[in-house]
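# Inside the fold
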Amino acid sequence: VQLQASGGGLVHAGGSLRLSCEAAGPSFGTYGMAWFRQAPGNEREFVGLSQWPDSKTTYADSVKGRFTISISRDNAKNIMYLQMSNLKPEDTAIYYCAATLVLGTPTRPREYDYWGNGTQVTVSS
């Protein structure tokens, strides 16, 4: 199972970005997928997730109403997006996508089996 994140960049406060996470591997369509982020000196924190099998989404309070996860699944290719709007300087972090076989709403990094590379998001004030 391989995850590849992209789409980070520098944006002004109030702006928008869309991150992508392309996932590949056998039976990958059966995994729950999530975004986490980590700012310098901070622990890795949960941003949002899309559950399997119903794609129900759950978000951290800090991003609720501003960030939206969508996911495109088929057996050959799965892509998860994170649409970020009304960005704030405190959203600055490296963003990671992750995948898990844990059902429900796993929000702890240790519940995730696979991790993608990080993509840097910087929001200037």
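Placed above this text is the structure.
It should be emphasised that the depicted structure is a prediction, and the values quoted were computed from it without experimental measurement. Residue positions are given per chain, counting from 1 as you read along its sequence in written order. Where local features are concerned, this predicted model is filtered to residues with pLDDT of at least 70; where side-chain atom pairs are given and counted, the filter is 80 or more; whole-chain, interface and lining totals use all residues. Hydrogens and water molecules were not included; the side-chain quantities draw on all heavy atoms of the structure.

### Structural notes on the pattern of salt bridges
The salt bridge definition used is simple: a Lys or Arg side-chain nitrogen within 4 Å of an Asp or Glu carboxyl oxygen. Scanning all chains against the criterion turns up five salt bridges. Between Arg37 and Asp91 there is a salt bridge whose closest N-O contact spans 2.9 Å. Residue Arg37 is located in strand β4 (residues 32–38), and its partner Asp91 is located in the loop between β8 (78–84) and β9 (93–100); the two are separated by 54 residues in the primary sequence. Arg66 is the partner of Asp91 in a salt bridge, and the nearest nitrogen-oxygen pair spans 2.7 Å. With a gap of 25 residues between them, Asp91 in the loop between β8 and β9 and Arg66 in the loop between β6 (57–59) and β7 (67–73) connect regions that are remote in the sequence. Both residues of the pair, Asp91 and Arg66, belong to the buried class. Overlapping salt bridges bring together Arg37, Glu45, Arg66 and Asp91 as one network. The secondary structure listing takes helices from DSSP runs of H or I that are at least 4 residues long and strands from runs of E that are at least 2 residues long, numbered from the N terminus. In this scheme, a residue with accessible area under 20% of its type's maximum is buried, one over 50% is exposed, and one in between is partly exposed, where area comes from a 1.4 Å probe on protein chains only.

All we've got here are geometric facts, nothing functional implied.
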